[in-house]
Amino acid sequence: MGAFMNFAVLASGHGGNLQAIINAVKKKKIKAHLKLVVSDRADAYALVRARKANISSVSINPQDFPDREAFDRKVLEHFKNFDIDFVVLAGYMRLLGRRFIKQYPHKILNIHPALLPAFKGVRAIREALAYGVKVTGVSVHFVVEEMDSGAIIMQQAVPISSRDTAKSLATKIHRVEHKIYPQAIDWLARRKLRVVGRRVFLR
Ligand code: GAR
């Protein structure tokens, strides 16, 4: 147990991915300690999930800070108090600042509901459907300053059928997310990932 890393989850909303992560930690499918959940929204259901699982949680309102850097500093302060080794974004809808990212080189993961580099941003599922692509999917990647642009760790395709609506497609995508994110997190936690430029290899 001693060699386990500590991690924090940042979430803004429903927390479906957070729940999958909580479950995977419990089942030891992620070999790391989930120490802290941080939200930028006090009403995020993710915070309720954290409380129910007895995980420390905090909501930090960006409007209480003069700029992104001051907000990030506050988050980092909490991370320091909890000895956080790596960070997992799970439906976190804010960009992280340069300083923040520098503190955790190749130690911040994000999940995105499309096959990057297609459909970056916060409306990926609707945009893929509206564009008419026949295949979309899920990407897990390292976080860099530019949105949804870091080295890709894992991707899984999700076919779009003519019957799909935004809702049915979201359901399919979320099911895949909840399966692959815990796996990618466990790889990071067990130091299995080797990054060479933009390419990520599994040791
Ligand atoms: C997930 O589908 C995640 O991929 C997406 O938000 C959803 C959050 O759901 N993230 C993005 O769009 C980031 N650009 P959750 O709160 O139930 O985990």
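Whatever comes next refers back to the structure up there.
Note that the structure is a prediction, hence the values are computed from the model and not measured.

Trainee: Any chance you could explain the overall build of the chain here in plain terms?
Mentor: A tally of helices and strands in the chain yields 6 helices and 9 strands. Scaling as 2.2 N^0.38, a compact globule of 203 residues should have a C-alpha radius of gyration of about 17 Å, and the chain matches this with 16 Å. Taking the principal axes of its C-alpha atoms as reference, the chain extends roughly 50 × 40 × 35 Å. Buried residues in the chain amount to 49% of all 203 residues. With an accessible surface of roughly 10,800 Å², the chain has 50% of that area assigned to carbon and sulfur atoms. Averaging the locations of the 35 positively and 16 negatively charged side chains of the chain gives two centres separated by 9 Å.

Trainee: Would you take a moment to explain the nonpolar core for this structure?
Mentor: As a rule of thumb, nonpolar side chains are buried together in soluble globular proteins. By size, the foremost hydrophobic cluster in this structure holds 44 residues, and its most contacted members are F7, V9, I21 and I153. The biggest single contributor to this core is helix 6 (residues 166-189), with 11 residues. Those residues in contact with F7, other than ones at most four positions away along the chain, are I21, V25, I30, A32, H33, L34, K35, L36, I84, F86, V88 and I185. By size, the runner-up hydrophobic cluster in this structure holds 20 residues, among which are L36, I60, L76 and I101.

Trainee: Can you walk me through the side chain of D40 in this structure?
Mentor: For D40, the position within the fold is in the loop between strand 2 (32-39) and helix 2 (45-52). One buried charged residue, D40, remains without a salt bridge, the closest side chain of opposite sign being R94 at 4.4 Å. Looking at D40, its side chain comes within polar contact range of the side chain of S12, at 2.8 Å. Residues in contact with D40, not counting those within four places in the same chain, are A11, S12, I60, N61, P62, F71, Y92 and R94.

Calculation criteria
Residues numbered from 1 in each chain as written. Predicted model: local features only at pLDDT ≥ 70, side-chain atom pairs only at ≥ 80, totals over all residues. Heavy atoms only, no water. Helix = DSSP H or I, 4+ residues; strand = E, 2+ residues; numbered from the N terminus. Rg over C-alpha atoms; globule rule 2.2 N^0.38 Å. Buried < 20%, exposed > 50% of the residue type's maximum accessible area, 1.4 Å probe, protein only. Areas by Shrake-Rupley, 256 points an atom, 1.4 Å probe, with all protein chains shown as cover. Lys, Arg positive; Asp, Glu negative; His and termini not counted. Charge placed at Lys NZ, Arg CZ, Asp CG, Glu CD. Core = buried A, V, L, I, M, F, W, Y, C linked by side-chain atoms within 4.5 Å. Contact = heavy atoms within 4.5 Å. Salt bridge = Lys/Arg side-chain N within 4 Å of Asp/Glu carboxyl O. Polar contact = N/O pair within 3.5 Å; in protein donor to acceptor, adjacent residues only side chain to side chain.

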